[in-house]
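Below, each chain spelled out in residue letters.
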Amino acid sequence: MKRNKIIFYISTGLLTALMLFSVSMYLFNHDEVANMFTNFGYPTYIIYPYAVAKLLGLFAIWNPNFKTIKEWAYAGFFFAFILAFFAHYMIEDGEQTGALVALILLVVSYVFNKKSNK
C-alpha cells in the first residue's frame, strides 16, 4: 500500500511539474505559444482558458475530496495529451515527446491512485 502511494505521488508530482511548465509558457511566453497554436490551426484565444483549465485539473487531481471531478480531470488530461501528441506529430515539429511523457505519467498516476485508494 505504501509503495502504491509513493509511486502515485512521484508520478503526479512529475506530471504537475510538466503541467506547471506548460501553464507558465502559456502565460509568460504568449507569442511563441500563439505561433504554435496558429501552426496547429487552433484559435489563439483559447490559450488563457486552456491554461486555467490545466490548473483546475491539477487542483482536482491533488484534492482527495473531489472523487468525481478527479475522474473528469484525468479524462480531460488524457484526451488533451492524445490530441497534443497527434497535433505535434501531424505538423512534424518533433515536440510530441512531451505529450507522450505526460500521457505515461498520467496513466501511472491514475492507476496508482486507484490502487492506493482500495
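Relevant structure appears above.
Owing to the predicted nature of the structure, the values given are computational and were not obtained by experimental measurement.

1. Points about the pattern of salt bridges
Link 1 in the chain: For the structure shown, the criterion picks out one salt bridge.
Link 2 in the chain: With a closest N to O distance of 2.5 Å, E71 and K114 form a salt bridge. Taken together, the residues span a long stretch of sequence, with E71 in helix α4 (residues 67–91) and K114 in helix α5 (residues 96–116) at a distance of 43 residues.
Link 3 in the chain: You can call K114 partly exposed: its relative accessible area is 37%.

2. Remarks on the side chain of N113
Link 1 in the chain: Within the element layout of this structure, N113 appears in helix α5.
Link 2 in the chain: The contact partners of N113, leaving out residues within four places of it in the chain, are F8, K70 and Y74.

3. Considerations on a nonpolar patch on the surface
Link 1 in the chain: Nonpolar side chains collect at one region of the surface, where F78, F79, L83, V107, Y110 and V111 lie side by side and expose about 530 Å² of accessible area between them.
Link 2 in the chain: Counting residues per element, the ones that place at least two in the nonpolar patch are α4 and α5.
Link 3 in the chain: Note on placement: V111 falls in helix α5.
Link 4 in the chain: V111 sits in the partly exposed class, given a relative accessible area of 34%.

4. A word on unusual backbone geometry
Link 1 in the chain: At E92, a position not held by glycine, the phi torsion is positive, near 55°.
Link 2 in the chain: Residue position: E92 is located in the loop between α4 and α5.
Link 3 in the chain: Look at E92 and you get exposed, because its relative accessible area is 69%.

Basis of the calculations
Residues numbered from 1 in each chain as written. Predicted model: local features only at pLDDT ≥ 70, side-chain atom pairs only at ≥ 80, totals over all residues. Heavy atoms only, no water. Salt bridge = Lys/Arg side-chain N within 4 Å of Asp/Glu carboxyl O. Helix = DSSP H or I, 4+ residues; strand = E, 2+ residues; numbered from the N terminus. Buried < 20%, exposed > 50% of the residue type's maximum accessible area, 1.4 Å probe, protein only. Contact = heavy atoms within 4.5 Å. Patch = residues over 30% accessible without salt bridge, like charges linked within 9 Å, V, L, I, M, F, W, Y side chains within 5 Å. Areas by Shrake-Rupley, 256 points an atom, 1.4 Å probe, with all protein chains shown as cover.

Any link to function would need more than the numbers given here.
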